[in-house]
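Okay, here's what each chain looks like letter by letter:
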Amino acid sequence: MITRMSTLFLRTLREDPADAEVPSHKLLVRAGYVRRIAPGIYSWLPLGLRVLRKIEEIVREEMNAIGAQEIHFPALLPKEPYDATNRWTEYGPNLFRLKDRKGGDYLLGPTHEELFALTVKGEYSSYKDYPVMLYQIQTKYRDEERPRAGILRGREFVMKDSYSFDLDDEGLAASYQLHRDAYIRIFDRVGLRYVIVAATSGAMGGSASEEFLAESETGEDTFVRSTESGFAANVEAVVTPAPPAEPIEGKAAAEVHHTPNTPTIETLVDFLNANTDRKFTAADTLKNVLVKTRQPGSPDWELLAVGLPGDREVDMKRLEASLEPAEVALLEEADFAANPFLVKGYIGPKALQDNGVRYLVDPRVVSGTAWVTGADKGDHHVVDLLCGRDFTPDGTIEAAEVREGDPSPDGRGTLVAARGIEIGHIFQLGRKYADAFSLDALGQDGKPKRITMGSYGVGVSRLVAAIAEQSHDEVGLVWPREVAPADVHVVIAGKDESIRERGEAIAAELDAAGVQVVLDDRTVSPGVKFADSELIGVPTVLVVGKGLTRGVVEVRDRRSGDRAEVEADNAVQHLI
Ligand code: ATP
Ligand code: MG
Ligand code: MG
Ligand code: MG
């Protein structure tokens, strides 16, 4: 169907909206794609909705192509599942919480791991059912502290979220890779320039989490990349060399000791659950640094579980405040029966990996102090691990500490910094949610097997703004063809009936040939029509005007500005 400007529900604006700072926000409002309802809450007008739907469709195609199946959850959700994972509380002020008429607690879903895990648990029971990947394209709610830049950071926004369910780590790695590849295809198709960056230090098993960042000056994320290697990371995840540690006098390098009763993840979790108010699951330990400290001179040990990386800032402070005057427990002094979680040393990947032991915690806590961790190999623990001697530490550092010109952590090239907009995030979750809901499959051996999950998000509505951010000029939007609200914008530039008739005829022919057409059939001046066509940003503009007396029309390329006359008789052929 031809979209007629004479009836299209559209009023373009000549002035930038007062609250808009970034180009995409200004232009999407001026071109009548979106309208503000409240901070971070926008409505989609016809042209905007078309772009959004096209992006959704690309995402859908690529998700279907990897075998993910689309389902759809409500946005209005009961509290209980989020209580089970502690996220009702942990999510903090970002969660929209509400009550129903009976006083029951509800929330507007910010992300749906709980519901997907519960749903799979409800339907599947045997190892034969797995693996499975499910997704939805759905409205999410987050009460963002700083809603920003129109739809770029909304409080209501559209996300594609998918979740993979696998029987083992290899399966999870494969599902993750499928998503990674699908995301590359999606972001290529929508015409973005983007980078894939490590979102964590990578210490938890290589690619546990990666972000897709659309390169943009106006982005809120800062990433660094190497001038020579493929290394790229969000600065939050950057590996920075710590000063070399002094070897301990008379001691050898770190060792993994076999010690009966050394804690495993399970014993750590049991201990925590018995001794603290919080409820932990085995997967939690991947996110939590478990430390035991005591103040000098005090006989009392204090147990701290420090959440990482989600609430890193707060807990780092807490950790430092607590540890500075404190002394970290020494393994040798520890009574394992009474203190089943004590291991001396800095948490470091290499010595652990060399010994076939996975560390339990995120090792990015850096300050030169010894932290405490366990090992996931039964009856093993690590002793005398020294930062700088036994491993290259993965340091959590502030953005300000990353400087251009720093050496790349992989030793190849130097770092350059740039900014980006997070458009996608893929994450190997592991068993946190499966543990919370006891999501098991009955294995071939008749024993229950805990499922391992991945979660993967694309900011669908944010993509509209991210594309606009990368693709515009001073007069308007410039849509990549795959997501443009139409293929050709036909401008009838002249009052003569012959011009109008010819414009109508060409538009009808294009439409019949499957080309999406916007036809400017209004009775306004050509100048107004050209300005609107530039603002709206359809990739090709076809001007039907005075040239008709010479039998030609003009084809304008919105991006390059190139203009070419073509014979009116060949115009349709030229454009399809
Ligand atoms: P951000 O760092 O920008 O706050 P996030 O890391 O909190 O994003 P995720 O939980 O990883 O977001 O959600 C998956 C995707 O959803 C993000 O990669 C992003 O593209 C999109 N997204 C997240 N928050 C918003 C928002 N407030 N408005 C629009 N899109 C969003
Ligand atoms: Mg966020
Ligand atoms: Mg983020
Ligand atoms: Mg994210």
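Residues numbered from 1 in each chain as written. Chains lettered and ligands numbered in written order. Predicted model: local features only at pLDDT ≥ 70, side-chain atom pairs only at ≥ 80, totals over all residues.

(A) Just the overall build of the chain, in detail. Summing up its helical and strand segments, the chain has 14 helices and 29 strands in all. The buried share of the chain, taken over its 576 residues, is 44%. Here the analysis covers contacts within the chain between residues at least 6 apart in sequence; of these, 71% occur between residues at least 24 apart. (Helix = DSSP H or I, 4+ residues; strand = E, 2+ residues; numbered from the N terminus. Buried ≥ 20, exposed ≤ 12 C-beta atoms within 10 Å, placed from the backbone. Contact = placed C-beta atoms within 7 Å.)

(B) Molecular detail of the packing of helix α1 (residues 23–30) against helix α11 (residues 460–470). Put simply, α1 and α11 touch, their axes get as near as 8 Å, and they point 105° apart. Taken together, the axes of α1 and α11 are roughly perpendicular relative to one another. On α11, the residues touching P23, S24, L27 and L28 of α1 are A465, A468 and E469. (Axes fitted to C-alpha atoms, helices over the stretch in contact; angles between N-to-C directions. Parallel < 35°, antiparallel > 145°, perpendicular 65-115°, else oblique.)

(C) Spatial organisation of the nonpolar core. Judged by nonpolar contacts, the single largest core of 101 residues is most densely connected at I55, V190, I423, V464, V490, L542 and V544. Ignoring anything within four residues of it in the chain, the contact list for V490 reads G503, I506, A507, V517, L519, D520, L542 and V544. (Core = buried A, V, L, I, M, F, W, Y, C linked by C-beta atoms within 7 Å.)

(D) Layout of the sheet that holds strand β27 (residues 540–544). An order of β1-β26-β25-β27-β28-β29 is seen for the six strands of this open sheet, with the pairing classed as mixed. With one partner strand each, in any of the chains shown, β1 (3–4) and β29 (563–567) form the two edges of the open sheet. Across two bridges, the pairing between β1 and strand β26 (residues 517–520) is parallel. If you follow T3 over to β26, its bridge partner there is V518. Docked against the sheet, helix α12 (residues 497–512) engages β25 (488–492), β26 and β27, running at close to 165° with respect to β25. The strands touched by helix α13 (residues 526–536) are β25, β26 and β27; relative to β25, the strand with the most contacts, the crossing angle is about 170°. (Pairing = 2+ DSSP bridges.)

(E) Spotlight on the site of ligand 1. Lining the immediate environment of ligand 1, one finds 15 residues, of which F157, H425, G457, G459 and R462 sit closest. For the shell around ligand 1, the elements supplying multiple residues, two or more each, are β9 (156–166), β19 (415–430), β22 (452–459) and α11. Per-element tally for the shell around ligand 1: the top contributor is β19, with four residues. For the shell around ligand 1, the residue count by class is three nonpolar, seven polar and five charged. (Near = placed C-beta within 6 Å. Nonpolar A, V, L, I, M, F, W, Y, C, P; charged D, E, K, R; others polar.)

(F) The arrangement of the packing of helix α2 (residues 46–65) against α11 in detail. For the pair α2 and α11, interaxial distance at closest approach is 9 Å and the crossing angle is 115°. As judged from the angle between their axes, α2 and α11 are roughly perpendicular. In this structure, α2 crosses over α11, and the sense of that crossing is right-handed. From α2, G48, V51, L52, I55, E56 and V59 reach across to α11, where they touch V460, S461, L463 and V464. Class assignment for the residues of the contact of α2 with α11 results in seven nonpolar, two polar and one charged. (Left-handed = near helix turned anticlockwise from the far one by under 90°.)

(G) Representation of the environment of A174 in the model. Tracing the sequence through the fold places A174 in helix α6 (residues 169–189). Spatially, the C-alpha atom of A174 lies 39 Å from that of V515, the residues being 341 residues apart in sequence.

(H) Highlighting the environment of E474. Looking at the secondary structure, you find E474 in the loop between β23 (472–473) and β24 (476–477). Overall, E474 belongs to the exposed group, with 7 C-beta atoms counted inside 10 Å. Residues E474 and L27 lie 447 residues apart in sequence; the distance between their C-alpha atoms is 9.5 Å.

(I) Geometry of the confidence of the model for the chain. Mean pLDDT for the chain: 78, with 69% of residues reaching 70 or above. Note on residues 201–207: pLDDT under 50 across the span, and eleven contacts to partners over four residues away in sequence or across chains. Predicted confidence is poor over residues 300–353, with pLDDT under 50, and the contacts of this stretch with residues over four places away or in other chains come to 133 contacts. Model confidence for the complex: the whole-complex pTM is 0.74, and ipTM, which rates the interface, is 0.99. (pLDDT = per-residue confidence, 0-100.)

(J) Just the environment of L429, in detail. Checked against the element boundaries, L429 lands in strand β19. Separated by 26 residues in sequence, L429 and S455 have C-alpha atoms that sit 6.5 Å apart. What L429 contacts, discounting residues up to four positions off in sequence, is M453, G454 and S455.

(K) Here's a closer look at the sheet that holds strand β7 (residues 105–108). Strand order in this open sheet of three strands is β5-β7-β6, and the pairing throughout is antiparallel. In this open sheet, the two strands that pair with only one neighbour each are β5 (76–78) and β6 (96–99). Shown here is a sheet whose adjacent strand axes are inclined to one another by a mean of 35°, direction ignored. Of the pairings in the sheet, the one linking β5 to β7 comprises three bridges and is antiparallel in character. Bridging across to β7, P78 finds its partner in Y106.

(L) Summary view of α2. The end-to-end C-alpha distance of α2 is 28 Å, a good match for the 28 Å that 20 residues give at a rise of 1.5 Å each. One or two steps after α2, the chain reaches G67, where phi turns positive at roughly 90°. (Expected span 1.5 Å × (residues − 1).)

(M) The pairing of β27, seen in detail. Across the five residues of β27, five count as buried, placing the element largely inside the fold. Because side chains alternate across β27, one face comprises the buried residues T540, L542 and V544, and the other comprises V541 and V543, equally buried. In the sheet, β25 pairs with β27 via five bridges, with the strands oriented parallel. Bridging from a neighbouring strand, V491 pairs with V543 of β27.

(N) Up close: α12. When the terminal C-alpha atoms of α12 are compared, their 22 Å separation across 16 residues agrees well with the 22 Å that a helix rising 1.5 Å per residue should span. G503, I506, A507 and L510 are the residues of α12 that are buried. Burial along α12 is one-sided: seen end-on, the buried residues are contained in an arc of 100°. Relative to its buried face, α12 has exposed residues pointing more than 90 degrees away, namely E497, S498 and A512. Residues of α12 that are buried in the fold lie against β25, β26, β27 and α14 (571–575). G514, located one to two residues past α12, shows a positive phi value of around 90°. (Arc of directions from axis to C-beta.)

(O) Local environment of unusual backbone geometry. Looking along the chain, the bond that leaves Y130 and enters P131 is cis, with omega of 0°. Mapping P131 onto the fold places it in the loop between α5 (113–123) and β8 (132–141). Non-glycine residue N86 carries a positive phi angle of around 75°. Judged by C-beta crowding, with 15 C-beta atoms within 10 Å, N86 ranks as partly exposed. With a phi angle near 50°, S438 is a residue other than glycine that sits in the positive phi range. With respect to the helices, strands and loops of the structure, S438 is situated in the loop between α10 (432–436) and β20 (440–442).

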